[in-house]
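Remarks on the overall topology
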Amino acid sequence: MDFDFNSLWLYVTILLATYALFKYYSVSRKRKTLERWTERSKQGKVILHGMYGNSEVLPTPSPFVLKLETYLRLVNIPYELDKVDIWGPKGKTPWISYDGKHLADSQFIVEFLSNEFGKQLSSKYSMKDRAVGTMARVMVEEHLYWAGVMWRFAFGGKDTFQMVLNGKKSFLQWLIFSLIAPQMRSMAWSQGVGRHSEAEIKSIMLNDLRAISAILGQNKFLLGEDPSEDDCSVFAGLASAVFATNSPVEQELNGELNNIREYSYRMKDLLWPDWESQKTKVKHS
(Lines give C-alpha, C1' and ligand atoms only; values in the text may rest on other atoms or scores of the structure.)
Protein backbone atom coordinates (compact mmCIF):
# COMPACT_ATOMS: atom_id res chain seq x y z
CA MET A 1 0.00 0.00 0.00
CA ASP A 2 1.48 3.34 -1.04
CA PHE A 3 1.89 6.04 1.59
CA ASP A 4 0.30 9.35 0.66
CA PHE A 5 2.86 11.98 1.66
CA ASN A 6 0.72 14.77 0.23
CA SER A 7 -2.12 13.91 2.63
CA LEU A 8 0.34 13.72 5.53
CA TRP A 9 1.73 17.16 4.78
CA LEU A 10 -1.80 18.50 4.50
CA TYR A 11 -2.72 17.15 7.94
CA VAL A 12 0.51 18.47 9.46
CA THR A 13 -0.05 21.87 7.89
CA ILE A 14 -3.61 22.03 9.25
CA LEU A 15 -2.43 21.04 12.73
CA LEU A 16 0.38 23.58 12.75
CA ALA A 17 -1.90 26.33 11.45
CA THR A 18 -4.53 25.50 14.09
CA TYR A 19 -1.90 25.54 16.84
CA ALA A 20 -0.48 28.86 15.58
CA LEU A 21 -3.94 30.44 15.53
CA PHE A 22 -4.67 29.16 19.03
CA LYS A 23 -1.37 30.55 20.36
CA TYR A 24 -1.99 33.87 18.65
CA TYR A 25 -5.48 34.07 20.14
CA SER A 26 -4.22 33.14 23.62
CA VAL A 27 -1.38 35.66 23.58
CA SER A 28 -3.61 38.38 22.15
CA ARG A 29 -6.36 37.73 24.69
CA LYS A 30 -3.87 37.75 27.58
CA ARG A 31 -2.35 41.03 26.37
CA LYS A 32 -5.76 42.70 26.06
CA THR A 33 -6.80 41.41 29.50
CA LEU A 34 -3.70 42.85 31.14
CA GLU A 35 -4.10 46.16 29.30
CA ARG A 36 -7.70 46.47 30.52
CA TRP A 37 -6.78 45.79 34.15
CA THR A 38 -3.70 48.02 33.95
CA GLU A 39 -5.95 51.06 33.57
CA ARG A 40 -8.57 49.97 36.07
CA SER A 41 -5.94 49.21 38.72
CA LYS A 42 -4.76 52.83 38.82
CA GLN A 43 -7.73 53.87 40.93
CA GLY A 44 -6.16 53.13 44.33
CA LYS A 45 -7.62 49.69 45.03
CA VAL A 46 -6.13 46.25 44.80
CA ILE A 47 -8.06 44.17 42.28
CA LEU A 48 -8.13 40.52 43.31
CA HIS A 49 -8.68 38.15 40.39
CA GLY A 50 -9.67 34.71 41.56
CA MET A 51 -11.73 31.57 41.19
CA TYR A 52 -15.05 31.83 42.95
CA GLY A 53 -18.14 29.69 42.74
CA ASN A 54 -21.48 28.82 44.23
CA SER A 55 -20.53 26.68 47.24
CA GLU A 56 -22.24 25.31 50.31
CA VAL A 57 -18.90 25.08 52.12
CA LEU A 58 -16.47 27.86 51.18
CA PRO A 59 -16.49 31.34 49.60
CA THR A 60 -14.05 29.96 46.99
CA PRO A 61 -12.96 26.42 46.09
CA SER A 62 -9.32 27.61 45.84
CA PRO A 63 -7.39 27.72 49.14
CA PHE A 64 -4.96 30.19 47.60
CA VAL A 65 -7.72 32.62 46.65
CA LEU A 66 -9.19 32.22 50.15
CA LYS A 67 -5.73 32.86 51.63
CA LEU A 68 -5.27 36.10 49.73
CA GLU A 69 -8.72 37.53 50.39
CA THR A 70 -8.35 36.60 54.08
CA TYR A 71 -5.05 38.47 54.12
CA LEU A 72 -6.58 41.57 52.50
CA ARG A 73 -9.30 41.55 55.12
CA LEU A 74 -6.84 41.02 57.96
CA VAL A 75 -4.66 44.02 57.05
CA ASN A 76 -7.59 46.23 55.91
CA ILE A 77 -6.29 46.86 52.40
CA PRO A 78 -9.10 48.15 50.12
CA TYR A 79 -9.82 45.71 47.30
CA GLU A 80 -12.38 44.70 44.73
CA LEU A 81 -13.03 41.28 43.24
CA ASP A 82 -12.84 40.13 39.65
CA LYS A 83 -14.36 36.67 39.21
CA VAL A 84 -14.08 36.54 35.43
CA ASP A 85 -10.40 36.87 34.43
CA ILE A 86 -9.26 34.32 36.98
CA TRP A 87 -5.99 33.17 35.33
CA GLY A 88 -3.08 35.54 35.72
CA PRO A 89 0.23 36.17 33.92
CA LYS A 90 1.65 32.87 35.18
CA GLY A 91 -1.49 30.90 34.38
CA LYS A 92 -2.37 30.72 38.08
CA THR A 93 -5.18 31.89 40.32
CA PRO A 94 -5.24 34.20 42.22
CA TRP A 95 -3.44 37.22 40.85
CA ILE A 96 -3.75 40.94 41.51
CA SER A 97 -3.65 44.21 39.65
CA TYR A 98 -2.50 47.28 41.55
CA ASP A 99 -1.24 50.67 40.42
CA GLY A 100 -0.75 49.43 36.86
CA LYS A 101 1.17 46.33 37.94
CA HIS A 102 0.12 42.68 37.77
CA LEU A 103 1.41 40.09 40.21
CA ALA A 104 0.85 36.34 40.47
CA ASP A 105 1.43 33.68 43.15
CA SER A 106 -0.36 34.23 46.45
CA GLN A 107 2.79 34.31 48.59
CA PHE A 108 4.63 36.78 46.34
CA ILE A 109 1.50 38.93 46.42
CA VAL A 110 1.31 38.87 50.24
CA GLU A 111 4.97 39.84 50.50
CA PHE A 112 4.55 42.64 47.95
CA LEU A 113 1.47 44.08 49.66
CA SER A 114 3.07 43.80 53.11
CA ASN A 115 5.94 45.98 51.90
CA GLU A 116 3.80 48.30 49.77
CA PHE A 117 1.34 49.09 52.58
CA GLY A 118 3.71 48.67 55.55
CA LYS A 119 1.71 45.76 57.00
CA GLN A 120 4.36 43.66 58.77
CA LEU A 121 2.08 41.71 61.12
CA SER A 122 4.62 39.03 62.05
CA SER A 123 7.25 41.59 63.11
CA LYS A 124 5.93 41.45 66.68
CA TYR A 125 7.06 37.85 66.93
CA SER A 126 10.61 36.53 67.37
CA MET A 127 12.70 35.29 64.46
CA LYS A 128 12.23 31.74 65.73
CA ASP A 129 8.46 32.17 65.88
CA ARG A 130 8.41 33.57 62.34
CA ALA A 131 10.46 30.59 61.16
CA VAL A 132 7.91 28.24 62.72
CA GLY A 133 5.14 30.15 60.94
CA THR A 134 6.96 29.84 57.62
CA MET A 135 7.42 26.09 58.08
CA ALA A 136 3.73 25.66 58.96
CA ARG A 137 2.70 27.64 55.88
CA VAL A 138 4.96 25.67 53.55
CA MET A 139 3.78 22.37 55.00
CA VAL A 140 0.14 23.33 54.45
CA GLU A 141 0.63 24.72 50.93
CA GLU A 142 3.14 22.23 49.55
CA HIS A 143 2.20 19.00 51.36
CA LEU A 144 -1.21 19.03 53.03
CA TYR A 145 -2.66 20.75 49.97
CA TRP A 146 -1.82 17.78 47.73
CA ALA A 147 -3.37 15.33 50.17
CA GLY A 148 -6.49 17.50 49.93
CA VAL A 149 -6.33 17.35 46.14
CA MET A 150 -6.39 13.55 46.30
CA TRP A 151 -9.28 13.59 48.76
CA ARG A 152 -11.28 15.93 46.54
CA PHE A 153 -10.42 14.54 43.11
CA ALA A 154 -9.70 10.86 43.74
CA PHE A 155 -10.96 9.24 46.92
CA GLY A 156 -13.83 11.61 47.66
CA GLY A 157 -14.83 11.51 44.01
CA LYS A 158 -17.37 13.68 42.27
CA ASP A 159 -19.71 13.72 45.29
CA THR A 160 -17.07 15.57 47.33
CA PHE A 161 -16.27 17.86 44.41
CA GLN A 162 -19.94 18.72 43.92
CA MET A 163 -20.43 19.34 47.63
CA VAL A 164 -17.48 21.73 47.78
CA LEU A 165 -18.79 23.60 44.75
CA ASN A 166 -22.51 23.83 45.34
CA GLY A 167 -23.93 20.68 46.83
CA LYS A 168 -25.94 19.89 43.70
CA LYS A 169 -25.49 16.94 41.39
CA SER A 170 -25.83 17.91 37.75
CA PHE A 171 -24.50 16.91 34.36
CA LEU A 172 -22.45 20.12 34.21
CA GLN A 173 -20.76 19.37 37.53
CA TRP A 174 -20.07 15.81 36.41
CA LEU A 175 -18.56 17.13 33.18
CA ILE A 176 -16.36 19.67 35.02
CA PHE A 177 -15.18 16.98 37.41
CA SER A 178 -14.45 14.58 34.54
CA LEU A 179 -12.30 17.20 32.82
CA ILE A 180 -10.46 18.52 35.89
CA ALA A 181 -9.96 15.43 38.04
CA PRO A 182 -7.51 13.54 35.77
CA GLN A 183 -5.33 16.63 35.44
CA MET A 184 -5.30 17.23 39.21
CA ARG A 185 -4.48 13.58 39.92
CA SER A 186 -1.67 13.75 37.37
CA MET A 187 -0.23 16.84 39.05
CA ALA A 188 -0.45 15.16 42.46
CA TRP A 189 1.32 12.11 41.01
CA SER A 190 4.12 14.28 39.65
CA GLN A 191 4.40 16.07 43.02
CA GLY A 192 4.62 12.71 44.78
CA VAL A 193 1.71 12.64 47.24
CA GLY A 194 -0.58 11.27 44.53
CA ARG A 195 1.41 8.04 44.36
CA HIS A 196 0.16 6.92 47.77
CA SER A 197 -2.89 4.89 48.77
CA GLU A 198 -5.96 6.38 50.39
CA ALA A 199 -4.90 5.10 53.82
CA GLU A 200 -1.39 6.51 53.38
CA ILE A 201 -2.71 9.89 52.31
CA LYS A 202 -5.02 10.05 55.31
CA SER A 203 -1.95 9.32 57.46
CA ILE A 204 -0.16 12.21 55.76
CA MET A 205 -3.08 14.52 56.49
CA LEU A 206 -3.21 13.50 60.13
CA ASN A 207 0.54 13.89 60.63
CA ASP A 208 0.45 17.40 59.15
CA LEU A 209 -2.60 18.33 61.21
CA ARG A 210 -1.03 17.02 64.39
CA ALA A 211 2.01 19.19 63.73
CA ILE A 212 -0.21 22.25 63.29
CA SER A 213 -2.15 21.32 66.42
CA ALA A 214 1.11 21.10 68.38
CA ILE A 215 2.22 24.52 67.11
CA LEU A 216 -1.13 26.03 68.04
CA GLY A 217 -1.29 24.52 71.51
CA GLN A 218 -3.38 26.93 73.56
CA ASN A 219 -2.61 29.92 71.31
CA LYS A 220 -5.48 31.92 69.91
CA PHE A 221 -3.65 32.09 66.60
CA LEU A 222 -0.74 30.30 64.99
CA LEU A 223 2.07 32.13 66.78
CA GLY A 224 0.30 33.74 69.72
CA GLU A 225 -2.41 36.20 70.66
CA ASP A 226 -2.50 38.02 67.33
CA PRO A 227 -2.81 36.68 63.78
CA SER A 228 0.10 36.95 61.35
CA GLU A 229 0.36 36.63 57.57
CA ASP A 230 0.93 32.89 57.91
CA ASP A 231 -2.43 32.47 59.65
CA CYS A 232 -4.11 33.35 56.36
CA SER A 233 -2.36 30.46 54.61
CA VAL A 234 -2.95 27.94 57.38
CA PHE A 235 -6.61 28.90 57.83
CA ALA A 236 -7.26 28.68 54.08
CA GLY A 237 -5.52 25.33 53.85
CA LEU A 238 -7.58 23.92 56.72
CA ALA A 239 -10.94 25.29 55.61
CA SER A 240 -12.05 22.39 53.40
CA ALA A 241 -11.28 19.81 56.07
CA VAL A 242 -12.85 21.80 58.91
CA PHE A 243 -16.01 23.11 57.27
CA ALA A 244 -16.85 20.17 54.98
CA THR A 245 -19.34 17.64 56.32
CA ASN A 246 -17.61 14.60 54.84
CA SER A 247 -14.03 15.39 55.78
CA PRO A 248 -11.83 12.28 56.10
CA VAL A 249 -10.44 13.68 59.37
CA GLU A 250 -13.75 14.85 60.84
CA GLN A 251 -13.53 12.46 63.80
CA GLU A 252 -10.04 13.68 64.75
CA LEU A 253 -11.01 17.35 64.36
CA ASN A 254 -13.81 16.76 66.85
CA GLY A 255 -11.40 14.99 69.21
CA GLU A 256 -7.65 15.23 69.59
CA LEU A 257 -7.36 18.03 67.01
CA ASN A 258 -10.20 20.13 68.37
CA ASN A 259 -7.91 23.15 68.82
CA ILE A 260 -7.59 23.27 65.00
CA ARG A 261 -11.37 23.40 64.63
CA GLU A 262 -11.62 26.13 67.27
CA TYR A 263 -8.82 28.08 65.60
CA SER A 264 -10.50 27.86 62.19
CA TYR A 265 -13.81 29.13 63.55
CA ARG A 266 -11.96 31.90 65.39
CA MET A 267 -10.37 33.06 62.12
CA LYS A 268 -13.69 32.81 60.29
CA ASP A 269 -15.56 34.78 62.94
CA LEU A 270 -12.84 37.46 63.03
CA LEU A 271 -12.40 38.01 59.30
CA TRP A 272 -15.43 36.51 57.56
CA PRO A 273 -18.59 37.74 59.33
CA ASP A 274 -20.22 37.48 55.89
CA TRP A 275 -19.07 33.86 55.35
CA GLU A 276 -22.58 32.47 54.95
CA SER A 277 -23.64 35.00 52.33
CA GLN A 278 -20.34 34.85 50.45
CA LYS A 279 -20.28 31.10 50.09
CA THR A 280 -23.58 31.10 48.19
CA LYS A 281 -22.96 34.14 46.00
CA VAL A 282 -22.88 33.59 42.26
CA LYS A 283 -22.70 37.19 41.04
CA HIS A 284 -19.81 38.05 38.71
CA SER A 285 -17.93 41.32 38.78
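It should be emphasised that the depicted structure is a prediction, and the values quoted were computed from it without experimental measurement.

Here's the deal with the packing of helix 2 (residues 63-74) against helix 3 (residues 106-117)
- Remark: helix 2 packs on helix 3, axes separated minimally by 10 Å, with the N-to-C direction vectors making an angle of 10°. In this view, helix 2 runs roughly parallel relative to helix 3, as classed from their interaxial angle. Every residue of helix 3 that contacts helix 2 at Phe64, Lys67, Leu68, Tyr71 and Leu72 is listed here: Ser106, Gln107, Ile109, Val110, Leu113 and Ser114.
- Tallied by class, residues from the contact of helix 2 with helix 3 come to seven nonpolar, three polar and one charged.

Some remarks on the side chain of Gln278
- Relative to the elements of secondary structure, Gln278 occurs in helix 11 (residues 275-278).
- Excluding residues that lie within four positions of it along the chain, Gln278 makes contacts with Pro59, Arg73 and Trp272.

Considering the sheet that holds strand 3 (residues 95-98)
- Taken together, four strands build an open sheet; the order of strands is 2-1-3-4 and the sheet is mixed. For this open sheet the edge positions go to strand 2 (79-82) and strand 4 (101-104), each flanked by a neighbour on one side alone. Put simply, the sheet's adjacent strands are angled 25° from each other on average, direction ignored.
- In terms of strand pairing, strand 3 meets strand 4 through four bridges, oriented antiparallel. If you follow Ile96 over to strand 4, its bridge partner there is Leu103.
- Together, strand 1 (46-49), strand 3 and strand 4 form the strand contacts of helix 3, whose direction differs from that of strand 3 by roughly 30°.

Looking at the pairing of strand 1
- The alternating pattern of strand 1 places Val46 and Leu48 and Ile47 and His49 on opposite faces, both of which are buried.
- As defined by bridge partners, strand 1 adjoins strand 2 across four bridges and the pair is classed as parallel. Across the sheet, residue Val46 finds its bridge partner in strand 2, namely Tyr79.
- In the sheet, strand 1 pairs with strand 3 via three bridges, with the strands oriented antiparallel. From the neighbouring strand, His49 faces strand 3, where its bridge partner is Trp95.

Details of the packing of aromatic side chains
- Scanning the model with the defined rule gives nine aromatic pairs in all.
- Ring geometry for Phe235 against Phe243: centres 6.5 Å apart, planes inclined by 70°, an arrangement best described as edge-to-face. Of the two residues, Phe235 and Phe243, neither departs from the other in class, the shared state being buried.
- In this structure, Arg73 is placed above the aromatic ring of Trp272, and the distance from its NZ or CZ to the ring centre is 3.6 Å.
- The residue whose ring lies beneath Lys83 is Tyr52, and the NZ or CZ to ring-centre distance is 5.2 Å.

Structural notes on the environment of Val140
- The topology assignment puts Val140 in helix 4 (residues 127-155).
- For the pair Val140 and Ile212, spaced 72 residues apart in the sequence, the C-alpha separation amounts to 8.9 Å.
- Excluding residues within four positions of it along the chain, Val140 makes contact with Tyr145, Ile212, Ser233, Val234 and Gly237.

Description of helix 7 (residues 198-216)
- Taking 1.5 Å of rise per residue, the 19 residues of helix 7 would be expected to cover 27 Å, and the 27 Å separating its terminal C-alpha atoms lies within 8% of that figure.
- Within helix 7, the full set of buried residues consists of Ile201, Ile204, Met205, Leu206, Asp208, Leu209, Ile212, Ser213 and Leu216.
- The inward-facing, buried residues of helix 7 abut helix 4, helix 8 (229-243), helix 9 (250-253) and helix 10 (258-271).
- Positive phi appears at Gly217, one or two residues downstream of helix 7, with a value of about 55°.

Points about helix 8
- In a regular helix each residue adds 1.5 Å, so 15 residues correspond to 21 Å; helix 8 covers 21 Å between its end C-alpha atoms and thus fits that length.
- Along its length, helix 8 shows its largest kink, about 35°, at Gly237.
- Counting buried positions along helix 8 yields 14 of 15 residues, so the element is predominantly enclosed.

Describing the pattern of salt bridges
- Going through the model one piece at a time under the given rule, you end up with eleven salt bridges.
- With a shortest N-O distance of 2.9 Å, Lys92 and Asp105 are connected by a salt bridge. Remark: Asp105 occurs in the loop between strand 4 and helix 3 and Lys92 occurs in the loop between strand 2 and strand 3; sequence separation between them is 13 residues.
- Here Lys92 falls in the partly exposed class, since its relative accessible area comes to 36%.
- Taking the relative accessible area as the measure of exposure, Asp105 reaches 18% and is therefore buried.
- In this structure, the salt-bridge partner of Arg137 is Asp230, at a minimum N-O distance of 3.3 Å. Remark: Asp230 occurs in helix 8 and Arg137 occurs in helix 4; sequence separation between them is 93 residues.
- Arg137 sits in the buried class, given a relative accessible area of 11%.
- One continuous salt-bridge network, built from bridges that share partners, spans Lys67, Arg137, Glu141 and Asp230.

Conventions and cut-offs
- Residues numbered from 1 in each chain as written.
- Predicted model: local features only at pLDDT ≥ 70, side-chain atom pairs only at ≥ 80, totals over all residues.
- Heavy atoms only, no water.
- Axes fitted to C-alpha atoms, helices over the stretch in contact; angles between N-to-C directions.
- Helix = DSSP H or I, 4+ residues; strand = E, 2+ residues; numbered from the N terminus.
- Parallel < 35°, antiparallel > 145°, perpendicular 65-115°, else oblique.
- Contact = heavy atoms within 4.5 Å.
- Nonpolar A, V, L, I, M, F, W, Y, C, P; charged D, E, K, R; others polar.
- Pairing = 2+ DSSP bridges.
- Buried < 20%, exposed > 50% of the residue type's maximum accessible area, 1.4 Å probe, protein only.
- Phe/Tyr/Trp six-rings, centres within 6.5 Å; stacked < 30°, edge-to-face > 60°.
- Lys NZ or Arg CZ within 6 Å of the ring centre and 35° of its normal.
- Expected span 1.5 Å × (residues − 1).
- Bend = angle between axes of the 7 residues up to and from the residue.
- Salt bridge = Lys/Arg side-chain N within 4 Å of Asp/Glu carboxyl O.

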